[in-house]
Amino acid sequence: MRRAFSFGDRTIEPAVRRVNEVRCVAIIGAGTMGQGIAIDLLQKTDYDIILLDVQAEALKRAEAKLTSLWQQQVKRTQIRDEDAKALKARVKYTQKYDDLTGADIIWEVATERSEIKAKIFENIEKTADPEHLAAVFSNTSSHTTGELAVLFRSEAFREKFLTVHGYFPFEANRLIDVMKGKYASSETFALGVVFADQILEKTVIALPVDHHGYITDPIFQAMAAIISWDIETGQDIVQFGGLWELFTANPFSVLDQTGHMPYTESSRHLGEALPADDRLRSLYKRDGKYYPDWIAKLEKEGSTGVNSPSGRGFYTWSEGGRPKPQAVIDPASGEYVSIGEISRKDFWSCYEATERDRRAGKIKSVESLVHVACADDAGGRAFRRYALPICLYALDMIQDRVATPGQINMCTRAGLRYKAGLIELIDALIAHLTIDGVIELIRRARDENADDPYMLEMLDVDGKAGPRKGRPCLLHEMKKRNFSRLLGYGKYYHNPVAELDLNSGKYKGCYLDLKFYEPSSRDRVVSIVFDSPLRGNVWNRAAIDQLAHAYNRILQLHREGRCGGVLFSAAGAGMRMLGADAREFNRGWFEREKGYVPLNEAEAAGFTRNGMELFRMIQQSPVATVGVFGEKWGGGAEFSYFLDLRYDVRAEGFVFDSLERKTNWQQKNTYNQPELDYAILGGFGAAGELKRLGMGDSIIFEVFDQGMTADRAYQVGLSNAVFEDELEALRRGYERARLMAKDAPYSRALFKKQLSRGTDDEALAKETGEVFNPKKNPFVSTGLLGLLDRGARAPKMNYTCTGTELPGWSYPTEDGMLDVDAAEEPGPERTAHGGH
């Protein structure tokens with residue numbers, strides 16, 4: 001969304017106001033990251049962008065990259081020619097720091113080297129007015145905010161300084177870190193979080209306390225570093241790096257695309273700056289070296305990735321289109337050699353894991369990771385040598401209260417694109433082996449690496465050696481406190497929906513694809529924002545699990561009298577809600593040469609059954625619901641039919657005229673049900689729900705066969721309000737939910753019961769009588785005072801429903817919020833056999 005909204009949270013209202021005043025962002029550094037940030041801001045905001053670099057060639061490359069992108073989008077009919085010209089006109093390319101004077105936010109992304117950052121910050125202090133600036137950001141992979149803040153001489157700049165760090169490719173990666181440090185003000189930190197969350201529309205990991213590399217970078221850095229010291233041949237890069245392909249991608253392939261500089265400079269800094277208790281510190285300094293000689297040689301030669309002058313790094317890459325690796329460096333000879341296949345004889349467990357997933361219709365599943373972790377082949381030994389120390393590092397961050405289990409899992413899923421998050425892996429190992437079994441697996445890894453002193457330190461689980469001496473691993477505390485899971489899992493598909501709070505010992509909601517805004521005591525409105533904009537906020541198994549858990553939280557709040565209404569919306573430009581995730585229509589990976597691999601009937605029916613159960617609960621619950629969305633497709637449109645009110649934002653774009661065979665820029669359809677075109681049906685009850693909403697057959701055909709604009713939907717009574725501006729739609733939708741939340745729970749529950757039942761005069765008479773009975777409807781005594789005593793202010797209603805039986809409604813138990821088997825705190829009788 002181009003502007004921010006507080007969702008009733010008074011604590012962020014000042015930050016929201018200041019963010020909405022931003023008009024210009026300056027980016028220092030026109031390399032890969034600077035270009036990505038510029039592209040993202042240009043596409044998501046109407047800001048002016050200043051792109052500064054001391055090298056004219058860097059600015060030329062950046063301008064060429066952005067111009068080419070806009071031209072491609074015009075060619076693909078994604079934007080108009082005049083839009084491309086406007087985008088181009090909003091960017092100023094400069095080598096002069098004097099041009100920073102009008103910027104509201106300055107974002108340094110030029111280097112990882114602190115001595116160069118110091119010179120940049122000196123120039124910022126000379127030219128920028130701290131009173132005008134909202135904030136100064138620095139993109140760093142290894143420094144803490146405190147280390148960099150002191151490079152400013154002025155306290156005024158230190159107070160407005162944050163480290164804000166994105167991931168490659170910035171414009172297409174969900175994750176971003178915002179770290180405060182000890183100098184930044186609370187107001188600046190709040191502004192940074194709101195900016196990253198609502199303007200950049202990223203999954204934000206907000207860290208109030210400094211930590212080298214945030215959460216994600218130390219994990220990614222370690223994925224490459226822990227292997228790098230063992231690499232002797234090109235085949236080692238393929239095979240050892242290939243271990244991480246079970247999770248995500250080979251880190252050396254990723255580094256070639258990002259450029260080696262952030263990795264090598266971070267290794268230098270981490271080698272000097274990591275604290276004494278960091279388990280992985282030995283990865284960054286061995287015999288006075290921050291990384292192995294073979295990487296240093298590539299750096300010296302300028303072979304630092306696909307965008308380096310040589311166009312090569314750990315690999316050589318194809319030219320034109322999306323680059324693909326062609327050959328791999330062989331450190332032994334210094335030559336590039338052909339990319340070999342991972343040995344089936346030595347790494348058979350990895351091949352078995354892939355085949356197990358294929359048969360089960362899964363992709364890089366946690367079950368397959370566990371299979372490899374326990375195997376007796378080279379794949380199993382590599383897993384235990386390289387992956388287990390990083391698992392222990394994740395547990396250290398939780399133990400040290402640097403990060404929560406949910407944050408680490410989200411970082412690895414969203415930022416590093418793991419198919420199964422790192423904490424999910426740890427939970428699965430515990431479920432398969434018990435905590436004692438996992439400890440023994442780590443001790444087995446120590447025995448397998450007994451001749452490597454560095455590895456013995458990193459694999460210490462008992463607090464007997466190395467940086468963690470005197471601090472046994474978190475697994476021991478978990479066993480003592482009888483915890484068998486760090487995450488709570490969804491009731492339908494076992495996706496992560498909650499995290500263990502070690503302080504309280506309870507699970508609390510934690511969602512990758514939803515934002516949950518708690519209700520204020522004043523408004524009693526919860527806001528739920530679907531938060532997967534890069535995928536169009538699709539409906540998939542993870543979204544079903546997360547929404548089920550989130551809505552059960554709402555029902556608990558309603559029972560306590562703390563929530564009476566819900567505002568639903570969606571992140572991303574145009575507030576789009578797409579339908580069911582097409583990737584889940586196919587069993588496993590879709591491969592063009594294989595074609596469609598069908599789901600079986602039970603799987604397809606189960607998705608509809610679970611979704612309908614959830615949507616029906618939302619529809620029938622005594623909580624008022626308002627949806628504020630833009631373009632809706634398939635299941636996204638169907639979800640809105642289950643809500644009490646629908647507020648629509650007009651959508652504009654290119655629409656293809658099939659008769660004239662051309663595209664026109666015009667108002668787009670807001671309601672779209674294209675299922676019949678794809679030989680399927682609306683799986684969440686579109687036809688029936690449209691009937692229930694009073695739409696006749698002709699209108700329903702119109703929705704399915706040609707779609708419907710927001711204005712047309714308002715005309716036929718499907719939409720309750722239409723807006724041009726997203727922020728205004730949110731403001732009005734939230735206010736309507738706030739007013740609806742004032743309804744007495746008993747009356748609203750009975751009202752919804754009557755709607756679902758239809759006409760029954762005798763039942764209506766009986767229920768009207770019951771409404772006036774304070775023993776059945778305890779809210780009536782307060783509610784009627786507003787009518788009877790007009791001269792006095794009516795007393796505040798107590799909305800608590802504990803002990804009150806609401807008509808046609810019973811609250812689910814808290815156990816209904818999670819897959820109970822996965823979330824309970826099991827005793828020895830359960831951990832012995834694991835669980836799922």
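Residues numbered from 1 in each chain as written. Predicted model: local features only at pLDDT ≥ 70, side-chain atom pairs only at ≥ 80, totals over all residues. Heavy atoms only, no water.

Draft legend 1. Examining the pairing of strand β1 (residues 24-28) more closely. In terms of residue burial, β1 counts as a mostly covered element, since five of its five residues are buried. Side chains of β1 alternate between two faces, with Cys 24, Ala 26 and Ile 28 and Val 25 and Ile 27 buried alike. Two elements, β1 and strand β2 (residues 48-52), share five bridges in a ladder whose sense is parallel. Looking at the pairing, Ala 26 lines up with Ile 50 of β2. As a crossover connection, the stretch from β1 through helix α2 (residues 32-44) into β2 is right-handed. Sheet topology note: the β1/strand β4 (residues 105-108) ladder contains four bridges and is parallel. What sits directly across from Ile 28, in β4, is Glu 108. (Buried < 20%, exposed > 50% of the residue type's maximum accessible area, 1.4 Å probe, protein only. Helix = DSSP H or I, 4+ residues; strand = E, 2+ residues; numbered from the N terminus. Pairing = 2+ DSSP bridges. Right-handed = clockwise from strand over helix to strand, strands pointing away.)

Draft legend 2. Local environment of the pattern of salt bridges. Tallying each qualifying case throughout the model produces 56 salt bridges. For the salt bridge of Asp 396 with Arg 279, the shortest nitrogen-to-oxygen distance reads 2.7 Å. Note that Asp 396 is positioned in helix α16 (residues 378-399) and Arg 279 in the loop between α12 (261-273) and α13 (293-301), a separation of 117 residues in sequence. In this structure Asp 396 comes out as buried when scored by relative accessible area, which is 3%. Here Arg 535 makes a salt bridge to Asp 581, at a shortest N to O gap of 2.8 Å. Of the two residues, Arg 535 is situated in the loop between β16 (525-530) and α21 (541-559) and Asp 581 in the loop between β17 (565-570) and α22 (601-620); the sequence distance between them amounts to 46 residues. Look at the salt bridges and you will find they share partners, linking Arg 279, Asp 396, Asp 400, Arg 468 and Arg 471 into a network. (Salt bridge = Lys/Arg side-chain N within 4 Å of Asp/Glu carboxyl O.)

Draft legend 3. Main features of the packing of helix α9 (residues 216-228) against α16. Where α9 meets α16, the closest approach of the two axes is 10 Å, and the angle between their N-to-C directions is 150°. With respect to α16, the element α9 is oriented roughly antiparallel. In the packing of α9 onto α16, the handedness of the crossing is right-handed. Along its contact with α9, which presents Pro 218, Ile 219, Ala 222, Met 223, Ile 226 and Ile 227, the element α16 presents Arg 385, Tyr 386, Pro 389, Ile 390, Tyr 393 and Met 397. (Axes fitted to C-alpha atoms, helices over the stretch in contact; angles between N-to-C directions. Parallel < 35°, antiparallel > 145°, perpendicular 65-115°, else oblique. Left-handed = near helix turned anticlockwise from the far one by under 90°. Contact = heavy atoms within 4.5 Å.)

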